[in-house]
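# Chains, contacts and geometry: an overview
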Amino acid sequence: MKEAPLYKIFMISEEKNTLKKLVALQIAELEKEIELLESTIKPISPDSAYGRVSRMDAINNQAISEAALRDKKTLLDRMNFALTKIDHAEYGFCFRCKEEIAFNRLKSIPYASHCIKCAGR
Ligand SMILES: [Zn+2]
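Scope of this entry: the structure provided in the associated data block. (Residues numbered from 1 in each chain as written. Predicted model: local features only at pLDDT ≥ 70, side-chain atom pairs only at ≥ 80, totals over all residues. Heavy atoms only, no water.)

Looking only at helices and strands, the protein features 4 helices and 0 strands. Ordering the α and β elements of the protein from the N terminus gives α-α-α-α. Going through the 121 residues of the protein one by one, you find that 21% of them count as buried. Once local pairs closer than 6 in sequence are excluded, the contacts in the protein between residues at least 24 apart make up 57%. Of the roughly 9000 Å² that the protein leaves accessible, carbon and sulfur atoms contribute 58%. (Helix = DSSP H or I, 4+ residues; strand = E, 2+ residues; numbered from the N terminus. Buried < 20%, exposed > 50% of the residue type's maximum accessible area, 1.4 Å probe, protein only. Contact = heavy atoms within 4.5 Å. Areas by Shrake-Rupley, 256 points an atom, 1.4 Å probe, with all protein chains shown as cover.)

And the structure:
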C-alpha cells in the first residue's frame, strides 16, 4: 500500500481548518440574518392600518421575506451538516466518482457531495 505524502496530509488538514472557520462564519452570519428576517415577519392586520394597495405590497413583501427565510434556514441546515462532516475522512470526496472535490468548490459549497463534473451530470 502506498502511503500518502506527508505534505499532502498536512495540506488536507490545513484546508479542513480553513473550511471549518469559513463554515462557522457563514453559520453565524446566517443565524443573524434569520433572526433579522424573523423579526420583520409579523402578521399583517386586516384593519385599516394599510390602504388596499399598500396592504397588497405588505403581503407581497412578506411572501418574499418568508421565501428568503426558508432558503436561509435550508442553507443553515446544510452548513451545520457540513461542519459535522468536515473531520470525517470521506469528507471532500465525490460521492459518485470518489475523486477529491476541488477545494475552491468546497469553499463556495462546503456541503457539496459531488465534484463539479458529477454535479453537472
Ligand atoms: Zn465526481
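Donor atoms from the polypeptide that bind the zinc ion are Cys94 (SG), Cys97 (SG), Cys115 (SG) and Cys118 (SG), placed at 2.3 to 2.4 Å. Taken together, the 4 donor atoms surrounding the zinc ion define angles of 105 to 116° at the centre, an arrangement classified as tetrahedral. Spacing between the donor residues of the zinc ion along their common chain follows C-x2-C-x17-C-x2-C. Of the two residues, Cys94 is situated in the loop between helix H2 (52-85) and helix H3 (103-108) and Cys115 in the loop between H3 and helix H4 (116-119); the sequence distance between them amounts to 21 residues. (Donors = N, O, S within 2.8 Å, 3.2 Å for Na, K, Ca; no water. Tetrahedral: all angles 85-135°; square planar, octahedral: opposite > 155°, others 65-115°.)

Let's shift gears to the packing of aromatic side chains. Within this structure, the stated rule accounts for 0 aromatic pairs. In this arrangement the basic side chain of Lys98 is found over the ring face of Phe95, its NZ or CZ atom lying 5.4 Å from the centre. (Phe/Tyr/Trp six-rings, centres within 6.5 Å; stacked < 30°, edge-to-face > 60°. Lys NZ or Arg CZ within 6 Å of the ring centre and 35° of its normal.)

In this structure, Leu76 sits in helix H2. For Leu76, a relative accessible area of 13% puts it in the buried group. Put simply, Leu76 and Ile34 are 42 residues apart on the chain and 9.2 Å apart in space, counted from C-alpha to C-alpha.

Turning next to unusual backbone geometry. Of note in this structure, Lys98 is not a glycine but carries a positive phi near 65°. Among the secondary structure elements, Lys98 is positioned in the loop between H2 and H3.

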